[in-house]
Amino acid sequence: MTRIVVTLSWVLVFTLFSTQIFGQTNNVYLRADSLLKWMTLKEKVGQLNQYNDDWDATGPVTVDPNKAEQVQNGEVGSLLNCVTVQRTRKWQSIAMQSRLKIPLLFGQDVIHGYKTTFPIPLGESCSWDLDAIGRSERVAATEASAAGVHWTFAPMVDITRDPRWGRVMEGSGEDPYLGSLIAAARVKGFQGEHLGETNALMACAKHFAAYGAAVGGRDYNSVDMSGRLLREVYLPPFKAAVDAGVATLMTSFNDINGVPSTGNKELLTQILRKEWGFTGFVVSDWGSVGEMVNHGNVASDYEAALSAINAGCDMDMESRCYRNHLEKLVMEGLVSSAAVDEAVRRILVKKFELGLFEDPYRFCNEERERKALNNPEHTAMAREMARKSIVLLKNENHLLPLSPTLKNIAVIGPMVMAVNQNKGFWDVNVPGVDSNLIVTWWEGISARVSRETRLHYALGCGFDGESRKGFGEALAIAQQADVVLFTMGERRDMSGEARSRSNIGIPGVQEELLELLLKTGKPVVVLISAGRPLVFNYTADHAPAILYTWWLGSEAGNAIADVLFGDYNPSAKLTMTFPRSVGQIPIYYSHFNTGRPAQNDSDRFYRSAYTDLSIHPKYEFGYGLSYTTFRYGNLEINRKQFQKGDVVVVKVTVSNTGSFDGEEIVQLYIRDLVGSISRPVSELKDFAKVSLKKGESKTITFNLDAAKLSFFDQNAKPVLEPGHFAVMVGASSADIRLQDRIELMK
Ligand code: GLC
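Quantities reported herein were computed from a predicted structural model and do not represent experimental measurements.

Moving on: the overall build of the chain. Scanning the chain from terminus to terminus reveals 22 helices and 26 strands. Its C-alpha atoms give the chain a radius of gyration of 27 Å, near enough to 27 Å, the size a compact globule of 746 residues would have. Overall, the C-alpha framework of the chain stretches about 90 × 65 × 45 Å when taken along its three principal axes. Out of the 746 residues in the chain, the part that is buried amounts to 62%. Restricting the contact set of the chain to residue pairs at least 6 apart, pairs at least 24 apart contribute 78%.

Here we take up the sheet that holds strand E6 (residues 248–251). Within the open sheet, the three strands sit side by side as E5-E6-E9. Their pairing is parallel. Looking at which strands have only one partner, the edges of the open sheet turn out to be strand E5 (204–208) and strand E9 (281–283). Across this sheet, the average inter-strand angle for adjacent strands is 25 degrees, counted without regard to direction.

Before going further, it helps to examine the sheet that holds strand E10 (residues 316–317). An order of E4-E3-E2-E1-E10 is seen for the five strands of this open sheet, with the pairing classed as parallel. Because the sheet does not close on itself, it has two edges, and the strands there are strand E4 (151–152) and E10. Here strand E3 (residues 105–108) pairs with E4 via two bridges, running parallel. Counted as the bridge partner of Gln108 is Thr152 from E4.

Of all residues adjacent to the ligand, which total 13 residues, the nearest are Thr58, Asp109, Arg167, His207 and Asp285. Interatomic distance of 3.1 Å between a side-chain N/O atom of Glu497 and an oxygen atom of the ligand. Relative to its unbound accessible area of 310 Å², the ligand is 100% covered by the protein chains.

Now for helix H22 (residues 556–564). An α-helix turns once every 3.6 residues. As a result, residues three or four positions apart point the same way. Counting buried positions over the nine residues of H22 gives nine, a clear majority of the element. Taken residue by residue, H22 has Ala556, Gly557, Asn558, Ala559, Ile560, Ala561, Asp562, Val563 and Leu564 as its buried positions. Along its buried surface, H22 packs onto helix H17 (376–389), helix H18 (441–448), strand E14 (483–489), strand E15 (524–529) and strand E16 (545–548). Where H22 terminates, the next one or two residues include Gly566, which has phi positive at roughly 80 degrees.

Structurally, Leu684 can be placed in strand E21 (residues 683–692). As for Leu684 and Tyr548, which are separated by 136 residues in sequence, their C-alpha atoms are 23 Å apart. Setting aside residues no more than four positions away along its own chain, Leu684 makes contact with Trp128, Asp175, Tyr177, Leu178, Tyr589, Phe621, Gln667, Leu668 and Tyr669.

Domain boundaries assigned for the chain yield domain 1 (44–108 + 139–367), domain 2 (378–584) and domain 3 (630–744). Counting residues at the interface gives 28 residues for domain 1, matched by 24 residues for domain 2. Taken over both partners, the interface formed by domain 1 and domain 2 buries close to 2,100 Å², and the fraction arising from carbon and sulfur atoms is 64%. Looking only at domain 1, the three residues that lose the most surface to domain 2 are Pro163, Arg164 and Met169, adding up to 27% of its buried area. The tally of links from domain 1 across to domain 2 stands at one salt bridge. For the side of domain 1 that touches domain 2, the element with the most residues is helix H7 (residues 130–146), which contributes three residues. Residues that form the side of domain 1 that touches domain 2 fall into these classes: ten nonpolar, nine polar and nine charged.

As a further point, take the side chain of Glu555. Note on placement: Glu555 falls in the loop between E16 and H22. Here Glu555 is buried and forms no salt bridge, its nearest opposite-charge partner Arg383 lying at an N-O distance of 4.3 Å. When residues no more than four places from it in sequence are discounted, the contact partners of Glu555 are Thr379, Ala382, Arg383 and Val439.

Turning to the packing of helix H8 (residues 176–191) against helix H10 (residues 236–243), a few remarks are in order. Where H8 meets H10, the axes come as close as 8 Å, and the angle between the chain directions of the two elements is 30 degrees. Between H8 and H10, the angle falls in the class roughly parallel. The element H8 and its partner H10 pack so that their crossing is right-handed. Listed contacts from H10 to Pro176, Gly179, Ser180, Ala183, Ala184 and Val187 of H8 are Pro236, Pro237, Ala240 and Ala241. Counted by class, the contact of H8 with H10 contains eight nonpolar, two polar and no charged residues.

So, on to the environment of Gly496. Looking at where Gly496 falls in the secondary structure, it is placed in the loop between E14 and helix H20 (510–519). Taking C-alpha positions, Gly496 is 8.2 Å from Trp165, a pair spaced 331 residues apart along the chain. Residue contacts for Gly496: discarding those within four places in its chain leaves Gly166, Arg167, Met169 and Phe425.

A few words on H17. Counted at 1.5 Å a residue, the expected span for H17 with its 14 residues is 20 Å, and the 20 Å between its end C-alpha atoms agrees. Those residues of H17 lying buried are His378, Met381, Ala382, Glu384, Met385, Ala386, Lys388 and Ser389. With a side-chain oxygen positioned 2.7 Å from the backbone nitrogen of Glu377, the residue opening H17 is Asn375.

The next thing to look at is the side chain of Thr653. Structurally, the position occupied by Thr653 is in strand E19 (residues 647–656). In contact with Thr653, other than residues within four places in its own chain, are Arg631, Tyr632, Gly633, Asn634, Ser697, Lys698 and Thr699.

Per-chain confidence: the chain averages 95 in pLDDT, with 96% of residues scoring 70 or above. Low pLDDT (under 50) marks residues 16–23, which in the prediction has nine contacts with non-local residues, meaning those over four places away or in another chain.

Following the criterion strictly, the structure yields 24 aromatic pairs and no others. Summarising the aromatic geometry, the rings of Trp128 and Phe621 are spaced 5.6 Å apart at their centres and angled 45 degrees between planes, so their arrangement reads as tilted. Of this pair, Trp128 sits in the loop between helix H6 (121–125) and H7 while Phe621 sits in the loop between H22 and strand E17 (630–637), and the two are 493 residues apart along the sequence. Between the aromatic rings of Trp128 and Phe687, the centroid separation amounts to 5.0 Å while the plane-to-plane angle is 85 degrees, which identifies the pairing as edge-to-face. With a gap of 559 residues between them, Trp128 in the loop between H6 and H7 and Phe687 in strand E21 connect regions that are remote in the sequence. Across this residue pair, the class does not change: Trp128 and Phe687 are buried.

The next point concerns the pairing of E15. Among the six residues of E15, six are classified as buried, and the element is accordingly described as predominantly covered. What you see with E15 is no split at all: Val524, Val526 and Ile528 on one side and Val525, Leu527 and Ser529 on the other are buried throughout. With H20 bridging E14 and the parallel E15, this β-α-β connection has right-handed handedness. Relative to E16, E15 runs parallel, the two being bridged by four bridges.

Two numbers describe a pair of packed helices, the interaxial angle and the distance between the axes. Direction vectors running N to C along helix H19 (residues 471–479) and H20 enclose 30 degrees, while the axes themselves pass 10 Å from each other. Looking at the two axes, H19 sits roughly parallel to H20. You can see that H19 and H20 cross each other, and the crossing is right-handed. Touching Phe471, Ala474, Leu475 and Ala478 of H19 are Glu512, Leu513, Leu516 and Leu517, all from H20. Here the contact of H19 with H20 is built from residues that sort into seven nonpolar, no polar and one charged.

Quick notes on the rules
- Residues numbered from 1 in each chain as written.
- Predicted model: local features only at pLDDT ≥ 70, side-chain atom pairs only at ≥ 80, totals over all residues.
- Heavy atoms only, no water.
- Helix = DSSP H or I, 4+ residues; strand = E, 2+ residues; numbered from the N terminus.
- Rg over C-alpha atoms; globule rule 2.2 N^0.38 Å.
- Buried < 20%, exposed > 50% of the residue type's maximum accessible area, 1.4 Å probe, protein only.
- Contact = heavy atoms within 4.5 Å.
- Pairing = 2+ DSSP bridges.
- Axes fitted to C-alpha atoms, helices over the stretch in contact; angles between N-to-C directions.
- Near = heavy atom within 4 Å.
- Polar contact = N/O pair within 3.5 Å; in protein donor to acceptor, adjacent residues only side chain to side chain.
- Areas by Shrake-Rupley, 256 points an atom, 1.4 Å probe, with all protein chains shown as cover.
- Domains from an automatic or database assignment.
- Buried area = accessible area lost by both parts, 1.4 Å probe.
- Salt bridge = Lys/Arg side-chain N within 4 Å of Asp/Glu carboxyl O.
- Nonpolar A, V, L, I, M, F, W, Y, C, P; charged D, E, K, R; others polar.
- Lys, Arg positive; Asp, Glu negative; His and termini not counted.
- Parallel < 35°, antiparallel > 145°, perpendicular 65-115°, else oblique.
- Left-handed = near helix turned anticlockwise from the far one by under 90°.
- Expected span 1.5 Å × (residues − 1).
- pLDDT = per-residue confidence, 0-100.
- Phe/Tyr/Trp six-rings, centres within 6.5 Å; stacked < 30°, edge-to-face > 60°.
- Right-handed = clockwise from strand over helix to strand, strands pointing away.

Dropping the structure here:
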């Protein structure tokens, strides 16, 4: 009886106190500090503990039958893979039974859309359209937050230069400048005006850091690189995300030079917090705290917890190392209570910012969920983003765009009728969220052609496998067609997490079928769907027209039709280099010149390349065609010599010289001709996406801030060195149309 009285009076005191304190100040830090004073060590450790709900698993599962009891006891701070108003409300109500009623955070991989699915991020990055990318994340945030989700584990901002790695699909390609701008656009899109709005979603820049540089492109593998390269290429998008106000970061599975990111104090504290001033919190990737034992940096989960919390990893996703060992580590004086308090404080601050203490159910509104998940504006945005992501790789004799009044069109291949294939690897596919409302390619094309047009369908073959039994039917409809549309590529589970491939060719017998289709003499348009740059030399050399379509999401079919029939003139340009062979990897545009730079394929002793392969990639960074053509002229530079602090104004006139209105992504590259360390032969420093009606010309102005010419020296310190720079303006990293030189004076 006494115990009940004590507890009740305690609850009364705390309620009065918290109303007074929490109600009196909007200062989330004061409120977090006040709450901390009431928390036991067990409750504090609970806030650092994140579990997977049992609805879906995105990592190795730990069977844990009493999660509800732990939540009820205040021993869990967050759940992931828990979505919908109904389900999040259920779990939140259990958390509200805990002594201090600290609300749960719900996190979800909303990587490219929640119910409305957008193109995979690598595809979206090829739009180079920062505004559109931001708006697509705004839609994702609106839908997910309406479904009870507070936090997305996105954007993935890993720079990637190895297409063997399956996760290239989640990022923005190989370039740190473009990747940084896209990272910031995504963070702002997710988080909206400010956290606390019910349509705002906490973002999470991941995977910190250099996960995309895994040796051999093998997922989870080691990373070995200089501090200089880390800072110059792999960290900038994370810095951009932090500068954009990202609420959280997620550690990466890999080690960097032998130190796992999750226990890397240089990374998580020195760089992230002391140098960059990051004030949010850091969550480990799934189980990566405990995985430090496998890395061989610690001998036990106990030591793993010690290493991670002292490095600056605030929340432990799914490993249970914090839950099982942190209290003891504090009791034994190996982890200071101040370190635990600081981690807890960072998490509480976000819960206060989200308004969850005022109303733990404020993201649980069925009516808002219903409206948000059925908003036609969202599908319109998905269609816009999808057509802006499609890259035109080839278009011999202007085969494209097609006339919608063609009499017979054969539509062949494994994507034609596919539904879920359009969603890529990271779709949100849970009961109650019907993200399968996909416009198939067949539906999109059928809706666009004229009533007189007869569409003929044949599967032809699968994405993989050796079956050729569908060849006959495919060839038969091709024979009677005016044009053949042939879809090929990867199955969506061939790219993504734990999907590294040693062979990135077109799987199965798809190119074999293409060869037979081409032999019919009919014009064949090839549409390649994939999550990465693939190797498809036969197709590239023999098909007259090729569209690279990635995985386009909910509005795939409509976007494909928009481009095929010219309602949208493709404008996308590649953000990753496409190799000729897997043996050419790593290959990227911003490479050093070396002592024997190869200028062409005949340079025998001047070849930093292979004797059996061209020195050039199949398609370079920044490459993409249009149905029209563009001329570049009148390069003007306002000053050929400049000082630190100056802005060099570069102007170029771009003209649409073709017969279609279109958009051109005009790219500005520089080359530092002499540096204290070798500098890349080219570095993207600005771009502009310009719309031009046929016959129209516009002058593009680039303001090249001298600071953009700095780099990291041998000691990984930023330097800006006097000297000469090439300024190059072009339609791709290899298609330089105009160039000149400028000089930074001492
Ligand atoms: C996965 C991924 C990470 C994801 C997390 C939660 O293992 O590496 O990107 O956000 O677990 O699903």
